[in-house]
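# Overview (structure and organization)
The chain contents come next:
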Amino acid sequence: MKVILRIGVLLVLCLAPVFPAHAGKAPEVPLTTVTAAPVRILLFIGDGMGTAQRTAAQWAAVGINGRLAMDTLPINGWLRTSNILGEVTDSAAAATAMATGAKTTNGKIGQAPDGTPLSTILEQAQARGLAVGLVTNTPMAHATPAAFAAHTGSRYAMAEIAQQLLAARVDVLLAGGENAFLPQGATGHYPEPGTRTDGRDLIAEAVQADYTYVWDAVGLQAAVSVGAPRVLGLFADEGLPRPHVPTLAALTEHALAILSNRPEGFFLMVEGGQIDWACHANDAALTIADTLAFDAAVAAGLRYAAGTENTLVIVTSDHETGGMLLSLSNNGGQAFTMPDGTPFYVTWTTDDHTDANVLVNAQGPWSSLAAGIHENTHIYTLMAAVLTTPPTLILDGPALAYPGENLTFELHFEPATAILPTSYLWTATGQTPLTTSGGAYSTASFTWPLTGTYTLTVTAQTPEVTLTARRFLMLRYHWHTLYLPLIQKGPS
Ligand SMILES: [Zn+2]
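Please read these numbers as outputs of a predicted model, since none were measured by experiment.

Below, the discussion takes up the overall build of the protein chain. A count of helical and extended segments in the protein chain gives 13 helices and 24 strands. Residue burial in the protein chain is summarised as follows: out of 492 residues, 51% are buried. Within the protein chain, contacts between residues separated by at least 24 positions form 68% of all contacts whose residues are at least 6 apart in sequence. In the structure as shown, the protein chain presents an accessible area of about 20,100 Å², 59% of it carried by carbon and sulfur atoms.

Here you go:
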């Protein structure tokens, strides 16, 4: 009797894992087949930053053979900057072109020449669930950030633009320009009184609407530390006074820390907005200093991108300002020296914008589209490509099988354009890693001898994108295959 009982217990113990409560039902197997990467777009705009401004900053900081951070992105192209009429652009028309993919007339913010509002990449990113942010060292309602989230007939309608930026619920707004957020007579954290004639206190309204409001570096750091999802930071009455505090690099880092909490990804535009101001003043020293401060912000963005997968980084400019010229021989221009002591000289041909093409540098998904010479609307095209068709790896194959079966898995890289993987690396539990050739489609077969749950991971590598897809597989005997051997085993 005792023996029979023991056998019974033994049988129950043996059979329990093989005969779950619902033996006939398909087991619960995680069917992870698709890994859609979050979409991360990081757009840097150096306002007024032509090629000479970049070169002057490079010579001053790292010499004639050195490289700035913005020189290290692998894909390079050119942008034509003229407005819809073929005129020399202003920042409003150029930013509208980059934000919406449509050229317009000077002064227009997010509007066609006839006043029709144009949908922006920031709004499209928001509609997809991405977090969005705008960072600049100019006033928040200045033309370049404005064109990404506001729609006005004039860039100078800054009270209206400030109101629209908040109404658009841009998650991160870091800039100067406190004045445009406060009513006339009201002083905030900076000495000049507010300029709003409608009596509205937009800062109070923002706090009411769940924004964390900050006005200095300490407050911004604190907002980041507590994980505030929506931050309005205004660090000056107008543009940030030089030296900019917080620096553009610090603002960029904090914006990234806030925005990267969103699992779907983010869109962030960072403007080095005062390069243009220094160029209008034909002040080469400030132009170089501001271009280097902008480059430090780019470096912060590249550090972030290096720690993630699939972040599109674009560095460009809206137009050149000042017709800046560089010379290695003394032509009577403003004199500077390279780190090795080599002198160079800066002269100017205008105090206004020019129609020179500007550089665009890019890395990450779809960045190969940046190569070549394009209109400035192409920046929108590039960002929209990532937003609408993020690269995805789809891994198909059985989720349940028997030990010893030869199992074939299929891999699809979508969309099948531009940046196809050069190879796929398959790693699976208990298997030697396998490399297959790239392209839009690949396949591989595996055989596992034992029951259990296995993980198959495939990594696709392109110069621009790294994608990973993972799939779980359960191998088990069908119940009657196992039943008989166990019954025979019991009494022995
Ligand atoms: Zn300008």
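With that settled, consider the side chain of Arg 471. In this structure, Arg 471 sits in strand β24 (residues 466-475). Put simply, Arg 471 is tucked away with no salt bridge, and the nearest opposite charge, on Asp 396, sits 4.9 Å away. A distance of 3.4 Å separates a polar atom in the side chain of Arg 471 from the backbone oxygen of Pro 398.

Attention shifts here to the coordination of the zinc ion. Distances from the zinc ion to its protein donors, Asp 276 (OD), Asp 276 (OD), His 280 (NE2) and His 353 (NE2), fall within 2.0 to 2.4 Å. Taking the relative accessible area as the measure of exposure, Asp 276 reaches 7% and is therefore buried. The exposure class of His 280 is partly exposed, given its relative accessible area of 28%.

Next up on the list: the pairing of strand β17 (residues 392-396). Most of β17 sits inside the fold, with four of its five residues counted as buried. Both β17 and strand β19 (residues 406-414) contribute to a ladder of five bridges, which runs antiparallel. Bridge assignment links Ile 394 to a residue of β19, and that residue is His 412.

Enumeration over the complete set of coordinates arrives at 11 aromatic pairs. What links up through ring pairs into an aromatic cluster is the set Phe 409, Trp 426, Phe 446, Trp 448 and Tyr 454.

With that out of the way, let us pick up the pattern of salt bridges. Counted by the stated rule, this structure contains 10 salt bridges. Between Arg 230 and Asp 171 there is a salt bridge whose closest N-O contact spans 3.6 Å. Taken together, the residues span a long stretch of sequence, with Arg 230 in the loop between α8 (217-225) and β7 (231-234) and Asp 171 in the loop between α6 (158-167) and β5 (172-176) at a distance of 59 residues. Of the two residues, Arg 230 and Asp 171, both sit in the buried class. Taking the shortest distance from any N to any O, the salt bridge between Asp 290 and Arg 242 comes out at 2.7 Å. Of the two residues, Asp 290 is situated in helix α11 (residues 284-306) and Arg 242 in the loop between β7 and α9 (248-259); the sequence distance between them amounts to 48 residues.

What follows covers the environment of Ser 423. Assignment of secondary structure puts Ser 423 in strand β20 (residues 423-428). For the pair formed by Ser 423 and Thr 435, sequence separation is 12 residues and the distance between their alpha carbons is 6.8 Å. Filtering out sequence-adjacent residues up to four positions away, Ser 423 remains in contact with Thr 435, Thr 436, Ser 437, Gly 438, Thr 459, Ala 460 and Gln 461.

It is worth spelling out the sheet that holds β7 at this point. In space, the 10 strands of this open sheet follow the order β6-β7-β5-β4-β8-β2-β9-β15-β3-β16, with mixed pairing throughout. At either end of the open sheet lies a strand with only one pairing partner, and these are β6 (212-214) and β16 (372-375). Ignoring which end each strand starts from, the neighbouring axes of this sheet average 15 degrees apart. Looking at chain direction, strand β3 (residues 75-80) and strand β15 (residues 358-363) are connected through five bridges and run antiparallel.

What counts and what doesn't
- Residues numbered from 1 in each chain as written.
- Predicted model: local features only at pLDDT ≥ 70, side-chain atom pairs only at ≥ 80, totals over all residues.
- Heavy atoms only, no water.
- Helix = DSSP H or I, 4+ residues; strand = E, 2+ residues; numbered from the N terminus.
- Buried < 20%, exposed > 50% of the residue type's maximum accessible area, 1.4 Å probe, protein only.
- Contact = heavy atoms within 4.5 Å.
- Areas by Shrake-Rupley, 256 points an atom, 1.4 Å probe, with all protein chains shown as cover.
- Lys, Arg positive; Asp, Glu negative; His and termini not counted.
- Salt bridge = Lys/Arg side-chain N within 4 Å of Asp/Glu carboxyl O.
- Polar contact = N/O pair within 3.5 Å; in protein donor to acceptor, adjacent residues only side chain to side chain.
- Donors = N, O, S within 2.8 Å, 3.2 Å for Na, K, Ca; no water.
- Pairing = 2+ DSSP bridges.
- Phe/Tyr/Trp six-rings, centres within 6.5 Å; stacked < 30°, edge-to-face > 60°.
- Axes fitted to C-alpha atoms, helices over the stretch in contact; angles between N-to-C directions.

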